[in-house]
Amino acid sequence: MEKATCRGAFSEKILQEAKKDKDIIVVCTDSRGSASLGSYPEELPEQFVEMGIAEQNSVTVSAGMAAMGKKVYAIGPASFYSMRSAEQVKVDVAYSHNNVKIIGISGGISYGALGATHHSLQDIALMRAVPDLIVEIPSDANQMKGLVDAFLKDETPAYVRIGRGAVPVIYPEDVKVEIGKAVKWGDGKDVGIIACGQMVYRALDAAKLLEEQGIHATVLDMHTIKPLDEAAVLSLASECGCILTVEEHSIYGGLGGAVAEVLAANKPVPMTIAGIPDADVPNGGDAEVFTLLGLDAAGICEKAKALLERK
């Protein structure tokens, strides 16, 4: 299966669009290489700002340019943009209604060997609690490109978290992304699996394993964490009678928390939140850590089967 990085897809797409629109500005925090920006700084130097290792300043400068009518994409490590710059995102971007899209790269446990200081496992809990802020976690390179198209038509501030490594491409090149609208894969009625980011393809692989065992699953790609597609959540709960959420985030306050809030208030069903436990994550690559935590396809399959016993 073809694989590609979301960061590479973003850089390719934003260069293409910025060449057509001089109001598009990319702000970077000493992370050209990590962001895979390629030739953007050289080809469009007047539409590029390098801030150095200064995420808080980057967000404020981005907000200032947006206030002057620019369409700003601030790109850098998700761990620092979400935690170190939280106040600036909240006040300068969201509260001030400035059209800034924060692109947090190497989200989740992407930085692997660099450890907990570089993990971003609380970012969704924080960002989805900020008013007037879209929160997105695209699941593949083509969805990332489609998200940029959607952003160019929407001036709402946003936080986007993408991973570092290449992941399987599951969507076509011309995919249309609708902010706030989940994507449904399959029509199984036994168990509903809601996932985001790189967990989507793992959830799809888990659904195949379940199918081999006579268990029929539906997978929802909840790429928009806020505004959450509540209708899709409730429809899946009605169809399947139980929900498993899977995310590369703390089990507290992320996708699972958002889904649980909807179900508790409207349609309580048996539910399991699968994610990063409330403990330091061992240093290691994605595959190693996800296998250890039961977040690979086999682990997700077992979690779904355990959930079915409570149905």
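All values derive from a computational prediction rather than experimental measurement.

Student: Which parts of the structure should I look at to understand the environment of I105?
Tutor: Its place among the elements puts I105 in strand 5 (residues 100-105). Look at I105 and you get buried, because its relative accessible area is 0%. Note: C-alpha distance between I105 and I162 (57 residues apart in sequence) is 5.1 Å.

Student: Whenever I open this one, unusual backbone geometry confuses me. Can you help?
Tutor: Glycine aside, the phi torsion of most residues is negative, and most peptide linkages are trans. Put simply, K226 and P227 share a cis peptide bond, and its omega is 0°. Along the chain, P227 turns up in the loop between strand 12 (224-226) and helix 10 (230-240). Phi at H97 is positive, roughly 55°, even though this residue is not glycine. With respect to the helices, strands and loops of the structure, H97 is situated in the loop between helix 6 (86-95) and strand 5. One non-glycine residue with positive phi stands out, namely S106, at about 55°. Take S106: it is sitting in the loop between strand 5 and helix 7 (123-127).

Student: What is the right way to read the sheet that holds strand 5 from this model?
Tutor: Two modes of strand pairing occur in sheets, parallel and antiparallel, and in both the strands are linked by backbone hydrogen bonds. Pairing is mixed in the open sheet, where seven strands are placed in the order 3-2-4-5-7-6-12. The sheet is open, and its two borders are formed by strand 3 (48-50) and strand 12, each paired with just one other strand. The average angle at which neighbouring strand axes cross in this sheet is 20°, direction not considered. Across four bridges, strand 5 lies against strand 7 (residues 158-161) in parallel orientation. The residue bridging I102 from the neighbouring strand is Y159, located in strand 7.

Student: Please clarify how the pairing of strand 14 (residues 271-276) should be interpreted in this entry.
Tutor: Each regular strand shows side chains that alternate between the opposite faces of the sheet. With respect to burial, strand 14 is a largely interior element, five of its six residues being buried. Pairing geometry for strand 13 (residues 243-250) and strand 14, over five bridges, is parallel. When the sheet's bridge partners are listed, I243 is paired in strand 14 with M271. With helix 11 (residues 255-266) bridging strand 13 and its parallel neighbour strand 14, the resulting β-α-β unit is right-handed.

Student: Before we go on, may I ask you to explain the sheet that holds strand 11 (residues 217-221) in this structure?
Tutor: In space, the five strands of this open sheet follow the order 9-11-10-13-14, with mixed pairing throughout. The open sheet has two free edges, formed respectively by strand 9 (183-185) and strand 14, since each of these has just one partner strand. Adjacent strand axes in the sheet meet at a mean angle of 20° when their direction is disregarded. Those strands touched by helix 11 are strand 10 (191-195), strand 13 and strand 14, and its axis lies near 145° from that of strand 13.

Student: Looking at this structure, how should I read the packing of helix 10 against helix 11?
Tutor: Helix-helix packing is described using two parameters, namely the angle between the two axes and the distance between the axes. Orientation of helix 10 relative to helix 11, taken along the N-to-C sense of each, is 65°, at an axis distance of 10 Å. Crossing of helix 10 against helix 11: the hand is right-handed. Here E230, V233, L234 and A237 of helix 10 come into contact with helix 11, specifically with V259, V262, L263 and N266. Its residues assigned to classes, the contact of helix 10 with helix 11 comprises six nonpolar, one polar and one charged.

Student: How should the environment of A129 be read in this particular structure?
Tutor: Among the secondary structure elements, A129 is positioned in the loop between helix 7 and strand 6 (134-136). Measuring from C-alpha to C-alpha, the distance between A129 and G69 comes to 26 Å, with 60 residues separating the pair along the chain.

Student: Explain the packing of helix 4 (residues 55-67) against helix 6 to me, please; I cannot follow it from the model alone.
Tutor: For the pair helix 4 and helix 6, the least separation of the axes is 9 Å and the interaxial angle reads 5°. Comparing the axis directions of helix 4 and helix 6 gives the class roughly parallel. Contacts between helix 4 and helix 6 involve Q56, V59, T60 and A63 on the former and, on the latter, Q88, V89, D92 and V93. Taken together, the residues that form the contact of helix 4 with helix 6 break down as four nonpolar, three polar and one charged.

Cut-off values and rules
- Residues numbered from 1 in each chain as written.
- Predicted model: local features only at pLDDT ≥ 70, side-chain atom pairs only at ≥ 80, totals over all residues.
- Heavy atoms only, no water.
- Helix = DSSP H or I, 4+ residues; strand = E, 2+ residues; numbered from the N terminus.
- Buried < 20%, exposed > 50% of the residue type's maximum accessible area, 1.4 Å probe, protein only.
- Pairing = 2+ DSSP bridges.
- Axes fitted to C-alpha atoms, helices over the stretch in contact; angles between N-to-C directions.
- Right-handed = clockwise from strand over helix to strand, strands pointing away.
- Contact = heavy atoms within 4.5 Å.
- Left-handed = near helix turned anticlockwise from the far one by under 90°.
- Nonpolar A, V, L, I, M, F, W, Y, C, P; charged D, E, K, R; others polar.
- Parallel < 35°, antiparallel > 145°, perpendicular 65-115°, else oblique.

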